[in-house]
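A look at the structure
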Amino acid sequence: MTEIATQQTRTLDRMQVRIAHLDTLLSLAGEVIITAANLQDLERRAGGHGAAGTTTDSASLHLIKTCNQSTRRISQELHDLVMAIRLVEIDETYRLLRRPARDLCRNLGRDAEIVLKGEDVLIDKALAEHLVDPLLHLLRNAIDHGIESPIDRKRAGKPLQGRVSISASDSEHETVITVADDGAGIDEAAVRQAARKLAVPDADTRPLLELICRPGLTTADQVTGTSGRGVGLDLVHTVLDEFDGELSLDTAPGQGSSFTLRVPKLRAVNIIDALTLRAASNLYALPIDKVIANLGLDPADVNTAFDRGRHITYQGRIIPLHDLETVLGEPAATTPAGTLPVIILHGRAGDVAFIVSEFLGPQKLVNIPLDAGLRHHAAVAGTAVFTGGKLGLTIDVDTLVAAAMGIQPEAATAQALVAAATEAARPSSPPQAPDAGSADDVGRRRNASALGDDVGSLHHELAASLAELQDALLTLEQNPDLQDELNRAFRRLHAAKGHFSVLEADLQAAFAHQLETALDYLRAGRLAMTSERMDLLLDGVSYLIASAATLPAAPDTPPTELLAQLQELTDSDTVAAEDGLDYAALVRQPFDLTPTAQLQVLSALKRGERTYETYLEFDPGRQPAFLAAYLLLRRVGKTGKILATLPSVADIEQGRCGREVKILWATPIREPEVDALLERLAPLYHLGEHRSIPTTIFAYKDGVG
């Protein structure tokens, strides 16, 4: 869980860009240059016409029209391109869920298969980052509350292994994500009973989803590190509200539950299709998708009631009416005589009508966000340059509507919910970084300064390597025979070690080296992969992820317990007891000679050479055994012909061997010379013991094999 919190609090300020998008950007830049040249020509023409006192000719009018069309098209294509660049595969979000799901199953004693679908669905990067916590809470609920224990599943006639799936799909206007399980379903009676205890109005008739999303409502008897605070689903609902999303529920007793999140596809937050208007002397821009209607009302149509205040009736509904300037904390605008300009807006809290001074029309604007300290009201989102070069304000309609209805902003509440939920679910984490200030920290900062802009790239690459390393280990745990995943994990760990070294995080580089040694022993088959050892590897990766997030002030205290466990794992006695090949069995195992190898043996015997079975046992220390074996075989091959090996050469090259290797080879030298050769090579290639036995596999006599 630590790495998820880290990812949420430290958003990377860079992302990968597809080559095709860069090509499109380059093409659009060329068109901008052409349009700028046309405008320059048009300016010269206009100057000439002005001096001569003549009207604009047809060529100039055509050029004006062409430039106008080009700028409108280019601006739209640039907008679409920026949005495309912002899109990332939801698989990046899925990656942050795999480790917590695994740990939850182990901690709660649940056997559940986690199925992820739609990994290639593209979503906006901002949405991808905000979806981690909601999906994590739904995943936690599915494992903790949904999936039954193996005993209960057996009694119910279900497969002992439960199933939790997260699937994503998209359409033209929205992204749909479903979290489903085949567990016990939601106990509706227990939920309504818990609602009655909290004195929730209409607890027996309200929709079930509305109840379970209510803050503080829980059916758990006690609070645990996983659940019991009644925060999770309220957090899901809050985050979806922020993105104008919807949450739906489908549940059946004994069959499971399915939560579906529907989120509208985002547009770039700084480019808005807005309706512009004037209130008093101020100009405002409001997102068009939040506008229900703009009306010209007779003042007589405005009603006032003691319990409702001013309101109007629109399509049979009573809608409260406020003055826009008053809600924004400005002096009320003078009510225009005659027709009253009114705009009806839709916010999360409901629909509200506002009196304005004048409607200006729709425009595509670039929003310039303002810091909170520069805004006179929370509903002001930023500024924008309107047509004609006039400066106006952009409005956050949800906040504006909430303010008009007297509802306090929920941002602080939502932020507190996120913090509480994350803290409640977080297990013990690796050591945290101490306060920066030591001599080592100063040195790291100096190194970061010397690296300049490369530091950001190194941090990004380091985070990516560690994320891919963890992903490879989790895949490997489910499929231990995937040698490619093991090799991928080893490469990513090696790359991360190098990045720590460049960033002068020496402690983390040394720890990564120790972790690399353990992973290499497992890769070479010198140690067996067990669930406990996978836990150790993943805990080590968690420590590195937490350290990477705090650079340059990385922890300067080693993770003593993790280091001790890794050192014990790679201890020579442990490795010797678990080496992948048994020496005695290797002696008895025959070579499986191909017809080509048999022909090579015959040829060697005919030339008068000797054939030997040589048994080699390596003591490589921290060097991979397979590498020492491979290099020695290449060296022996210069003295004779290698006919066969056990394990095969391909297995040795891929690291699938222990410390023992048996070779069949032919050489013109005699047995004492063979022993002398191996003795001479032993210290160079970490050869511990060796024994060579002359053998005649095929008797060769009088030309007959």
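The structure contained in this document is the topic of the report that follows. (Residues numbered from 1 in each chain as written. Predicted model: local features only at pLDDT ≥ 70, side-chain atom pairs only at ≥ 80, totals over all residues. Heavy atoms only, no water.)

1. Here's the deal with helix α16 (residues 483-502)
Helix length check: α16 (20 residues) gives 29 Å between terminal C-alpha atoms against 28 Å at 1.5 Å per residue, within 8%. Among all positions of α16, only Gln-483, Glu-485, Leu-486, Asn-487, Arg-488, Ala-489, Phe-490, Leu-493, Ala-496, Lys-497, His-499 and Phe-500 are buried. Looking one or two residues beyond α16, the residue adopting positive phi is Glu-504, at roughly 60 degrees. (Helix = DSSP H or I, 4+ residues; strand = E, 2+ residues; numbered from the N terminus. Expected span 1.5 Å × (residues − 1). Buried < 20%, exposed > 50% of the residue type's maximum accessible area, 1.4 Å probe, protein only.)

2. Describing the nonpolar core
Residues Ile-166, Ile-177, Ile-212, Leu-247 and Leu-261 are the most contacted members of the largest nonpolar core, which totals 47 residues. In terms of residue count, helix α6 (residues 132-146) provides more of this core than any other element does, six residues in total. Contact partners of Ile-212, with chain neighbours within four places excluded, come to Ile-186, Val-191, Leu-217, Leu-233, Leu-249 and Phe-259. Residues Ala-489, Leu-515, Ala-518 and Leu-544 belong to the second largest nonpolar core, which totals 39 residues. (Core = buried A, V, L, I, M, F, W, Y, C linked by side-chain atoms within 4.5 Å. Contact = heavy atoms within 4.5 Å.)

3. Quick word on helix α8 (residues 188-197)
The complete set of buried residues in α8 reads Val-191, Arg-192, Ala-194 and Ala-195. What you see down the axis of α8 is that its buried residues fit within an arc of 155 degrees, all on one side. Exposed positions of α8 whose direction lies more than 90 degrees from the buried face are Ala-189 and Lys-197. Those residues of α8 that are buried are in contact with α9 (208-212). Capping of α8 at its N-terminal end is provided by Asp-187; its side-chain oxygen lies 3.3 Å from the backbone amide nitrogen of Ala-189. In the stretch just after α8, Ala-199 is the one whose phi turns positive, near 60 degrees. (Arc of directions from axis to C-beta. Polar contact = N/O pair within 3.5 Å; in protein donor to acceptor, adjacent residues only side chain to side chain.)

4. Some words on the sheet that holds strand β9 (residues 282-287)
Taken in spatial order, the six strands line up as β16-β8-β9-β19-β18-β17 in an open sheet, and their pairing is mixed. Here the strands that pair on one side only, and so sit at the sheet edges, are β16 (358-366) and β17 (368-369). Two strands pair when backbone bridges link them, and strand β8 (residues 271-279) and β9 are joined in this way by six bridges, in the antiparallel orientation. Looking at the pairing, Leu-275 lines up with Leu-286 of β9. (Pairing = 2+ DSSP bridges.)

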